[in-house]
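Reading the structure
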Amino acid sequence: MIDVGTVESAQFALCDPALTAADLYAIATKYPALWSQVANHPQAYRDLLEWFAKSGDPASRQIAVARLRGTSPVTPATPAPPAPADTPTPTITSPTPVIPAPPPP
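Residues numbered from 1 in each chain as written. Predicted model: local features only at pLDDT ≥ 70, side-chain atom pairs only at ≥ 80, totals over all residues. Heavy atoms only, no water.

With that settled, consider the confidence of the model for the chain. A residue-level look at the chain finds 72% of positions with pLDDT of 70 or above and a mean pLDDT of 81. Here residues 75-79 scores under 50 on pLDDT; set against residues more than four positions off or in separate chains, the count is two contacts. (pLDDT = per-residue confidence, 0-100. Contact = heavy atoms within 4.5 Å.)

This part takes up helix 2 (residues 21-30). Those residues of helix 2 lying buried are Asp23, Leu24, Tyr25, Ala26, Ile27 and Ala28. On the buried face of helix 2, the contacting elements are helix 1 (7-13), helix 3 (35-40) and helix 4 (46-55). (Buried < 20%, exposed > 50% of the residue type's maximum accessible area, 1.4 Å probe, protein only. Helix = DSSP H or I, 4+ residues; strand = E, 2+ residues; numbered from the N terminus.)

With that settled, the discussion passes to the nonpolar core. Counting residues in hydrophobic clusters, the biggest one holds 23 residues, and the most contacted among them are Leu14, Ile27, Val38, Leu48 and Phe52. Breaking this core down by element, the ones donating at least two residues are helix 1, helix 2, helix 3 and helix 4. Once residues within four sequence positions are removed from consideration, Ile27 is found in contact with Ile2, Val4, Ala10, Ala13, Leu14, Leu19, Leu34 and Val38. (Core = buried A, V, L, I, M, F, W, Y, C linked by side-chain atoms within 4.5 Å.)

Right, let's get into the packing of aromatic side chains. Scanning the entire structure with this criterion turns up three aromatic pairs. Seen from their ring centres, Trp35 and Trp51 are 5.0 Å apart, and the 90 degrees between their planes marks the pair as edge-to-face. In this pair, Trp35 is assigned in helix 3 and Trp51 in helix 4, connecting sequence segments 16 residues apart. Across the pair, exposure class does not vary: Trp35 and Trp51 are buried alike. (Phe/Tyr/Trp six-rings, centres within 6.5 Å; stacked < 30°, edge-to-face > 60°.)

Here we take up the packing of helix 4 against helix 5 (residues 58-69). Relative to each other, helix 4 and helix 5 sit at 130 degrees, their axes nearing to 7 Å. The angle between helix 4 and helix 5 places the two elements in the oblique class. Once helix 4 is placed against helix 5, the crossing between them reads as left-handed. Residues Arg46, Leu49, Glu50, Phe52, Ala53 and Lys54 of helix 4 lie in contact with helix 5, whose contacting residues are Ser60, Arg61, Ala64, Val65, Arg67 and Leu68. Its residues placed into classes, the contact of helix 4 with helix 5 shows six nonpolar, one polar and five charged. (Axes fitted to C-alpha atoms, helices over the stretch in contact; angles between N-to-C directions. Parallel < 35°, antiparallel > 145°, perpendicular 65-115°, else oblique. Left-handed = near helix turned anticlockwise from the far one by under 90°. Nonpolar A, V, L, I, M, F, W, Y, C, P; charged D, E, K, R; others polar.)

Now for the pattern of salt bridges. As enumerated under the stated definition, the model contains one salt bridge in all. In this structure, Glu50 engages Arg46 in a salt bridge whose closest nitrogen and oxygen atoms are separated by 3.0 Å. With Glu50 and Arg46 both in helix 4, this residue pair falls four residues apart, about one helical turn. For Glu50, a relative accessible area of 25% gives the class partly exposed. (Salt bridge = Lys/Arg side-chain N within 4 Å of Asp/Glu carboxyl O.)

Given below as C-alpha coordinates:
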(Lines give C-alpha, C1' and ligand atoms only; values in the text may rest on other atoms or scores of the structure.)
Protein backbone atom coordinates (compact mmCIF):
# COMPACT_ATOMS: atom_id res chain seq x y z
CA MET A 1 0.00 0.00 0.00
CA ILE A 2 1.23 3.45 -0.84
CA ASP A 3 1.69 6.33 1.58
CA VAL A 4 -1.34 8.64 1.44
CA GLY A 5 -0.40 10.67 4.50
CA THR A 6 -0.82 13.94 2.63
CA VAL A 7 -3.10 15.09 -0.15
CA GLU A 8 -0.01 15.78 -2.24
CA SER A 9 1.22 12.18 -1.91
CA ALA A 10 -2.28 10.95 -2.79
CA GLN A 11 -2.40 13.19 -5.88
CA PHE A 12 1.02 11.93 -6.95
CA ALA A 13 -0.09 8.31 -6.45
CA LEU A 14 -3.13 8.88 -8.68
CA CYS A 15 -0.73 9.45 -11.60
CA ASP A 16 0.20 5.75 -11.46
CA PRO A 17 -2.10 3.82 -13.84
CA ALA A 18 -1.31 0.60 -11.95
CA LEU A 19 -2.48 1.91 -8.57
CA THR A 20 -4.24 -0.85 -6.63
CA ALA A 21 -7.90 -0.95 -5.66
CA ALA A 22 -6.86 -0.84 -2.00
CA ASP A 23 -4.91 2.37 -2.62
CA LEU A 24 -7.83 3.94 -4.49
CA TYR A 25 -10.11 3.04 -1.60
CA ALA A 26 -7.68 4.58 0.90
CA ILE A 27 -7.46 7.80 -1.11
CA ALA A 28 -11.25 7.99 -1.60
CA THR A 29 -12.00 7.54 2.09
CA LYS A 30 -9.35 10.03 3.25
CA TYR A 31 -9.54 12.78 0.62
CA PRO A 32 -13.04 13.68 -0.68
CA ALA A 33 -11.45 16.52 -2.67
CA LEU A 34 -9.80 13.87 -4.87
CA TRP A 35 -12.97 11.88 -5.61
CA SER A 36 -13.19 12.96 -9.24
CA GLN A 37 -9.56 11.92 -9.82
CA VAL A 38 -10.21 8.56 -8.13
CA ALA A 39 -13.37 8.04 -10.20
CA ASN A 40 -11.39 8.84 -13.34
CA HIS A 41 -8.55 6.44 -12.49
CA PRO A 42 -8.27 3.46 -14.89
CA GLN A 43 -8.19 1.01 -11.97
CA ALA A 44 -11.33 2.36 -10.25
CA TYR A 45 -13.39 -0.74 -9.50
CA ARG A 46 -17.09 -1.11 -10.20
CA ASP A 47 -18.37 -0.85 -6.60
CA LEU A 48 -16.35 2.31 -6.07
CA LEU A 49 -17.74 3.81 -9.28
CA GLU A 50 -21.27 2.81 -8.24
CA TRP A 51 -20.77 4.47 -4.88
CA PHE A 52 -19.54 7.68 -6.56
CA ALA A 53 -22.52 7.55 -8.93
CA LYS A 54 -24.93 7.47 -5.96
CA SER A 55 -23.14 9.40 -3.23
CA GLY A 56 -20.24 11.34 -4.70
CA ASP A 57 -19.93 15.02 -5.32
CA PRO A 58 -21.29 16.31 -8.65
CA ALA A 59 -17.99 15.94 -10.54
CA SER A 60 -17.20 12.41 -9.32
CA ARG A 61 -20.85 11.42 -9.85
CA GLN A 62 -20.75 12.57 -13.48
CA ILE A 63 -17.47 10.74 -14.18
CA ALA A 64 -18.65 7.56 -12.48
CA VAL A 65 -21.98 7.49 -14.32
CA ALA A 66 -20.22 7.98 -17.65
CA ARG A 67 -17.69 5.23 -16.89
CA LEU A 68 -20.39 2.81 -15.74
CA ARG A 69 -22.32 3.46 -18.97
CA GLY A 70 -19.16 3.07 -21.01
CA THR A 71 -19.49 6.58 -22.39
CA SER A 72 -16.61 8.19 -20.54
CA PRO A 73 -14.66 10.59 -22.73
CA VAL A 74 -11.56 9.79 -20.70
CA THR A 75 -9.20 7.20 -22.10
CA PRO A 76 -6.65 5.77 -19.69
CA ALA A 77 -3.07 6.47 -20.74
CA THR A 78 -2.10 2.85 -20.17
CA PRO A 79 -4.76 0.13 -20.13
CA ALA A 80 -4.57 -2.37 -17.32
CA PRO A 81 -3.10 -5.72 -18.32
CA PRO A 82 -5.59 -8.58 -18.46
CA ALA A 83 -5.71 -10.86 -15.44
CA PRO A 84 -4.19 -14.30 -15.90
CA ALA A 85 -6.78 -16.93 -16.89
CA ASP A 86 -6.28 -18.88 -13.67
CA THR A 87 -6.89 -15.85 -11.42
CA PRO A 88 -10.39 -15.83 -9.90
CA THR A 89 -12.41 -12.66 -10.23
CA PRO A 90 -12.66 -10.98 -6.81
CA THR A 91 -16.08 -10.41 -5.34
CA ILE A 92 -16.62 -7.04 -3.72
CA THR A 93 -19.43 -6.42 -1.27
CA SER A 94 -21.98 -3.67 -1.86
CA PRO A 95 -20.82 -0.22 -0.75
CA THR A 96 -22.24 1.46 2.31
CA PRO A 97 -24.12 4.71 1.84
CA VAL A 98 -21.39 6.61 3.73
CA ILE A 99 -18.10 5.35 2.25
CA PRO A 100 -17.23 3.16 -0.73
CA ALA A 101 -16.76 -0.57 -0.31
CA PRO A 102 -13.20 -1.66 0.32
CA PRO A 103 -11.38 -3.51 -2.40
CA PRO A 104 -10.83 -7.24 -2.07
CA PRO A 105 -7.73 -8.30 -0.13
